[in-house]
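Report on the structure
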Amino acid sequence: MTKRRPGDALAPPLVPASAFFAPGDPADAPFAYGRLGNPTWSALEAEYEATTGGAPTVAFASGMAAVAAVVDALVARGGRAVAPSDAYYAVRALFEARGVETRLVSSTDPESFARAASGAALVWVETPTNPGLDVVDVAATAKACREAGALLVVDNTLATAAGQDAFVLGADVVVVSATKATSGHSDAVIGLAAARDPALATRLRAARTLGGAIPGVLEAWLCLRGLKTLDLRLGRSSESALAIARALGDDGWLVRYPGLPEHPQHALAARQMKHFGPVLTFDLASQARAETFCSHLERIAEATSFGGVETTLERRARWASDAVSPGLIRMSVGLEPPEAILAELRAALREVQT
Ligand code: PLP
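Our subject in this report is the structure included herewith. Along each chain, residues carry numbers from 1 onward, in the same order as the chain's sequence is written. Only residues with pLDDT of at least 70 are given local features in this predicted model, and only at 80 or more are side-chain atom pairs given and counted; all residues enter the totals for whole chains, interfaces and linings. Each side-chain value is derived from all of the structure's non-hydrogen atoms; neither hydrogens nor water enter the calculation.

1. A closer look at helix H9 (residues 217-227)
Short version of the rule: For every residue, the accessible area (1.4 Å probe, protein chains only) is compared with the maximum for its type, and the residue is labelled buried under 20%, exposed over 50%, or partly exposed between those bounds. By the criteria applied, helices consist of DSSP H or I runs no shorter than four residues and strands consist of E runs no shorter than two, each listed in order from the N terminus. Whether two residues are in contact is decided by their heavy atoms, any of which lying within 4.5 Å being enough.
For H9, the buried fraction is high: 8 of the 11 residues fall into the buried class. Turning to H9, its buried residues are Val 217, Ala 220, Trp 221, Leu 222, Cys 223, Leu 224, Gly 226 and Leu 227. Where H9 is buried, its residues meet helix H1 (39-51) and helix H10 (230-250).

2. Here's the deal with the site of the ligand
Rule in force here: We call a residue near a molecule or strand as soon as one heavy atom of that residue lies within 4 Å of the molecule or strand. Any pair of N or O atoms that falls within 3.5 Å is considered a polar contact. Within protein, one atom must be able to donate a hydrogen and the other to accept it, and sequence-neighbouring residues count only if both atoms are side-chain atoms. A 1.4 Å probe and the Shrake-Rupley method give the accessible areas. Residues count as covered only by the protein chains that appear here. The pocket and cavity definitions rest on a 1 Å grid over protein atoms only: a 1.4 Å probe that fits but cannot leave marks a cavity, an open set with protein on both sides within 12 Å along at least five of seven lines marks a pocket, and residues lining either have an atom within 4 Å of a point. A molecule is counted as occupying a cavity or pocket when more than half of its atoms fall within 2 Å of that pocket's grid points. Throughout, the ten residues Ala, Val, Leu, Ile, Met, Phe, Trp, Tyr, Cys and Pro are labelled nonpolar, Asp, Glu, Lys and Arg are labelled charged, and all others, Gly among them, are labelled polar.
Taken together, Ser 62, Gly 63, Met 64, Tyr 88, Glu 126, Asn 130, Asp 155, Thr 157, Ser 177, Thr 179, Lys 180 and Phe 306 make up the full set of residues adjacent to the ligand. Between Asp 155 and the ligand, the recorded distance is 2.7 Å, taken from a side-chain N or O atom to a nitrogen atom. Here Thr 179 contributes a side-chain N or O atom positioned 2.7 Å from an oxygen atom of the ligand. Within the complex, 89% of the 390 Å² of free accessible area of the ligand lies under protein. Assessed atom by atom at 2 Å from the grid points, the ligand resides in the second largest pocket. Here the shell around the ligand is built from residues that sort into 3 nonpolar, 6 polar and 3 charged.

3. Points about the pattern of salt bridges
Side chains bearing opposite charge may pair, as long as their charged atoms lie close to each other. Note the cut-off: Salt bridges are defined by distance alone: a side-chain nitrogen of Lys or Arg within 4 Å of a carboxyl oxygen of Asp or Glu.
If you walk through the whole model with that rule in mind, you get 16 salt bridges. Of the charged contacts, one joins Arg 80 and Glu 101 as a salt bridge, the two residues approaching to 3.9 Å between their closest N and O atoms. Highlighted residues: Arg 80 in strand E2 (residues 80-84) and Glu 101 in strand E3 (residues 101-105), separated in sequence by 21 residues. With relative accessibility at 22%, the residue Arg 80 sits in the partly exposed group. A salt bridge links Asp 109 to Arg 115; its shortest N-O distance comes to 2.6 Å. Relative accessible area serves as the criterion here: at 56%, Arg 115 is assigned to the exposed category.

4. Let's talk about the packing of aromatic side chains
Worth spelling out the cut-off: Only the six-membered ring of Trp is used, alongside the rings of Phe and Tyr, when aromatic pairs are assigned; centres must lie within 6.5 Å, and planes under 30 degrees apart are stacked while those over 60 apart are edge-to-face, with the rest tilted.
The tally for this structure, following the rule as stated, stands at 5 aromatic pairs. Plain terms: the ring middles of Phe 95 and Trp 124 are 5.5 Å apart, the flat faces sit at 80° to each other, and that makes the pair edge-to-face. One end of the pair, Phe 95, is in helix H3 (residues 89-97); the other, Trp 124, is in strand E4 (residues 122-126), and 29 residues separate them in sequence. Side by side, Phe 95 and Trp 124 carry an identical accessibility label, which is buried.

5. Structural notes on the pairing of E4
Selection criterion: Pairing between strands is defined by DSSP: at least two bridges between the two strands are required.
Burial within E4 is extensive, with 5 of its 5 residues counted as buried. Of the two faces of E4, the one holding Leu 122, Trp 124 and Glu 126 and the one holding Val 123 and Val 125 are both buried throughout. The pairing of E2 with E4 spans 2 bridges and is classified as parallel. Paired with Ala 81 across the strands is Leu 122, a residue of E4. Sheet topology places E4 next to strand E5 (residues 151-155); 5 bridges connect them, and they run parallel.

In short, geometric facts, not functional conclusions.
And the structure:
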């Protein structure tokens, strides 16, 4: 971090620029052209790096742009990868579109990643998964990857850096859709990828420059601002999510949340996560009941995505991409008083109680 001078703004500058003053050899200028680098991206990358214990970070135009750069930079043409069968659907689709020979394994079988790792360039882990909320043992998978000579990539979108320290658990590369809780205000589409080995980060940076999937400067600035409150936001939304999950479970609804002792991988989640995250699911058993429930909400918005300051939910099966039960509600708990969220949920649930 450069030393502050009297009169400097405390907030980092937002620098919209396609070209920078770069006389002589452009390599001597810290910034030369807008696709290669930007001071606002650098400020965001430095802030994220600090949350990872110093892993060099590269910001991208979206979570998927970060995922694409990781695949392009780290899997050779025709190479092999391992991914969870319930990984975010676009990630699975991208592996297929890039011609990566992908072995899909079960997130709920702790040995499945280890068994499949041999011969793979990378092993992709998403934990907890979206929307299944399965929890994968990152440390055990990291050990298996080291033995097999595969790189371990963790998609940390749901837990975020505040909820789960994927590098301490053994990840080589961490990817986040910062569109979610990392930015946290439902106002920016942006992605981040960080690598333990600076040489890998250099390859990711080169993939960004070549592919051109650069973040917007405003989005980078918004994400940077969001990062400053990530730990506070995630702590609060996770506490509320746990209280709401418990209450809905006590009311007799079929709730899934890694923080609940009834979650099949709760002990693992408690070991590897600092916060259980803002996302929970409950199953209303049919499309009709789920739609009636959603139509009786007032302040809670029916919206996709998750990790924002406001509580949102949706009937997840309205997107054809996820093979989930037709009545499954995925909910992202925001920062409102949890009693108010619960009261609104209970009022709408009364409409579908049989
Ligand atoms: N990874 C996960 C787990 C996601 O949930 C998402 C988006 O929902 C992505 C990656 C892609 O991120 P983006 O929508 O920012 O491209």
